[in-house]
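# Coordinate analysis (summary)
These are the residues of each chain, in order.
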Amino acid sequence: MTILYPYLIIFGVKKWEKVGRNNRINPVDEKGRVSFPHDLRKVLSPDGNGKIILTRGPEKCIWVFSEREWKNFENAFREKGVGDFKMRTLMRLLLGDAVETEFDNYGRILIPGHLAEYAGIKKECRFVRMFAWVEIWDPEKYEETIEKVKEEINYDEYFGNFKF
């Protein structure tokens, strides 16, 4: 047995780390499996046994969708049409490299080799919850990406008209 309970991995691999309300860093085992955070699993598959879809995300991460959100994502592409070369190329990248999978009995998923390589994921990964999907990142690439952009963000431009 590899997992003692969802938050503790045995055999000397460190415990997963909560790094924000919707962020976790988890170890990836030698077979490419990773324990998907319980709260994020519930967002993607409330009954715990639904399929999820993984694909390339921008900025060298992996996007993870529930079946329902994936259908919405595909429909958005359908509405755009296939008349534009760049749109067809984007469709090939995102739809063509997509993989359907399910959580195993321990709440793990296998990150397919081509997606792990694309995202640079080796020994651990960072989960980031977005509105309709979850992103999986190499933790160092995530920090590098955030560092590059955070000084350029004009909060007033984005939040000036927000009402809470």
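Definitions and limits used
- Residues numbered from 1 in each chain as written.
- Predicted model: local features only at pLDDT ≥ 70, side-chain atom pairs only at ≥ 80, totals over all residues.
- Heavy atoms only, no water.
- Helix = DSSP H or I, 4+ residues; strand = E, 2+ residues; numbered from the N terminus.
- Buried < 20%, exposed > 50% of the residue type's maximum accessible area, 1.4 Å probe, protein only.
- Contact = heavy atoms within 4.5 Å.
- Areas by Shrake-Rupley, 256 points an atom, 1.4 Å probe, with all protein chains shown as cover.
- Pairing = 2+ DSSP bridges.
- Axes fitted to C-alpha atoms, helices over the stretch in contact; angles between N-to-C directions.
- Parallel < 35°, antiparallel > 145°, perpendicular 65-115°, else oblique.
- Left-handed = near helix turned anticlockwise from the far one by under 90°.
- Nonpolar A, V, L, I, M, F, W, Y, C, P; charged D, E, K, R; others polar.
- Polar contact = N/O pair within 3.5 Å; in protein donor to acceptor, adjacent residues only side chain to side chain.
- Patch = residues over 30% accessible without salt bridge, like charges linked within 9 Å, V, L, I, M, F, W, Y side chains within 5 Å.
- Salt bridge = Lys/Arg side-chain N within 4 Å of Asp/Glu carboxyl O.

Our next topic: the overall build of the protein. A count of helical and extended segments in the protein gives six helices and eleven strands. Taking all 164 residues of the protein together, the buried fraction comes to 38%. In the protein, the share of contacts with a sequence separation of at least 24, taken over all contacts with a separation of at least 6, comes to 55%. For the protein, the exposed surface amounts to about 10,700 Å²; the carbon and sulfur share of it is 53%.

What follows deals with unusual backbone geometry. With a phi angle near 60 degrees, glutamate 59 is a residue other than glycine that sits in the positive phi range. If you trace the backbone, glutamate 59 turns up in the loop between strand 6 (51-57) and strand 7 (61-66). Despite not being glycine, lysine 60 shows a phi value in the positive range, around 60 degrees. By the element assignment, lysine 60 lies in the loop between strand 6 and strand 7.

This part covers the pairing of strand 4 (residues 23-27). Taken across its five residues, strand 4 has five buried, putting it largely inside the fold. Burial along strand 4 is two-sided: Asn23, Ile25 and Pro27 facing one way and Arg24 and Asn26 facing the other are all buried. When strand 4 meets strand 10 (residues 124-129), the two strands line up antiparallel, connected through five bridges. Bridge assignment links asparagine 26 to a residue of strand 10, and that residue is cysteine 125.

Before going further, it helps to spend a moment on the packing of helix 2 (residues 67-80) against helix 3 (residues 85-96). Closest axis-to-axis distance for the helix 2/helix 3 pair is 11 Å, and the angle between their directions is 165 degrees. The orientation of helix 2 with respect to helix 3, classified from their angle, is roughly antiparallel. The chirality of how helix 2 crosses helix 3 is left-handed. On helix 3, the residues that touch Trp70, Phe73, Glu74, Phe77 and Lys80 of helix 2 are Met87, Leu90, Met91, Leu94 and Leu95. Across the contact of helix 2 with helix 3, the residue classes break down as eight nonpolar, no polar and two charged.

What follows deals with the side chain of threonine 55. Relative to the assigned elements, threonine 55 resides in strand 6. Within the local environment of threonine 55, its side chain forms a polar contact with the backbone oxygen of leucine 94, the two atoms lying 2.4 Å apart.

Our next topic: a nonpolar patch on the surface. Together, Val149, Ile153, Tyr155, Tyr158 and Phe159 make up a nonpolar patch on the protein surface, roughly 500 Å² of accessible area in all. At three residues, the largest contribution of residues to the nonpolar patch is made by helix 6 (residues 155-159). Under the relative-accessibility criterion, isoleucine 153 is labelled partly exposed at 33%.

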